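Given next are the chains, with one letter for each unit.
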Amino acid sequence: MQSLRIYLENYAAGGVDREEMLDRVAAWPLEETLHDPTHTLPTHQDNTADALAAAVVNGQISEEDYTEILRRRRIR
């Protein structure tokens, strides 16, 4: 499976149409974030909700994109 982070980087660079990105990311099988209390550094997992939220912070997707992705995930 492709990395969500790489896919969103590609979108931000203009390599993917917005509507295609919204559909694909809304259907993306997000993984649960691993939690290990002894591991204090980020896990750098690629396919998590955290990666999606980081894309907003990094300016790769807009807050409107994020909201629309979440809306589409709920109706699937």
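Calculation rules
Residue positions within a chain follow its written sequence, with the count starting from 1. Totals for whole chains, interfaces and linings use all residues, but because this is a predicted model, local features are given only for residues with pLDDT of at least 70 and pairs of side-chain atoms are given and counted only at 80 or more. Only hydrogens and water are removed before side-chain values are computed, so all heavy atoms of the structure are retained for them. Summary of the burial criterion: residues with accessible area below 20% of their type's maximum are buried, those above 50% are exposed, and those between are partly exposed, where the area comes from a 1.4 Å probe applied to protein chains only. For the purposes of this entry, the term helix denotes a DSSP run of H or I that reaches at least four residues, the term strand denotes a run of E that reaches at least two, and both are numbered from the N terminus. This arc is built from the directions going out from the helix axis to the C-beta atoms. Residue contacts follow a heavy-atom distance rule, with two residues in contact if any of their heavy atoms lie within 4.5 Å. Pairs of N or O atoms within 3.5 Å make up the polar contacts considered here, provided that, within protein, one atom can donate a hydrogen while the other can accept it, and that residues adjacent in sequence are counted only when both atoms are side-chain atoms. Scored between 0 and 100, pLDDT is the confidence that the predictor attaches to each residue.

Right, let's talk about helix 1 (residues 4-12) for a bit. Burial in helix 1 covers these residues: Leu4, Tyr7, Leu8 and Tyr11. For helix 1, the angular spread of the buried residues around the axis is 95 degrees, confining them to a single face. Next to the buried residues of helix 1 lie helix 2 (18-26), helix 3 (49-57) and helix 4 (63-75). Measuring from the backbone nitrogen of Arg5 back to the side-chain oxygen at the start of helix 1 gives 3.2 Å, which picks out Ser3 as the cap.

Take the confidence of the model for the chain next. Residues at a pLDDT of 70 or more form 91% of the chain, whose mean pLDDT is 89. Element-level pLDDT for the chain is lowest in helix 3, with a mean of 93, against a maximum mean of 97 in helix 2.

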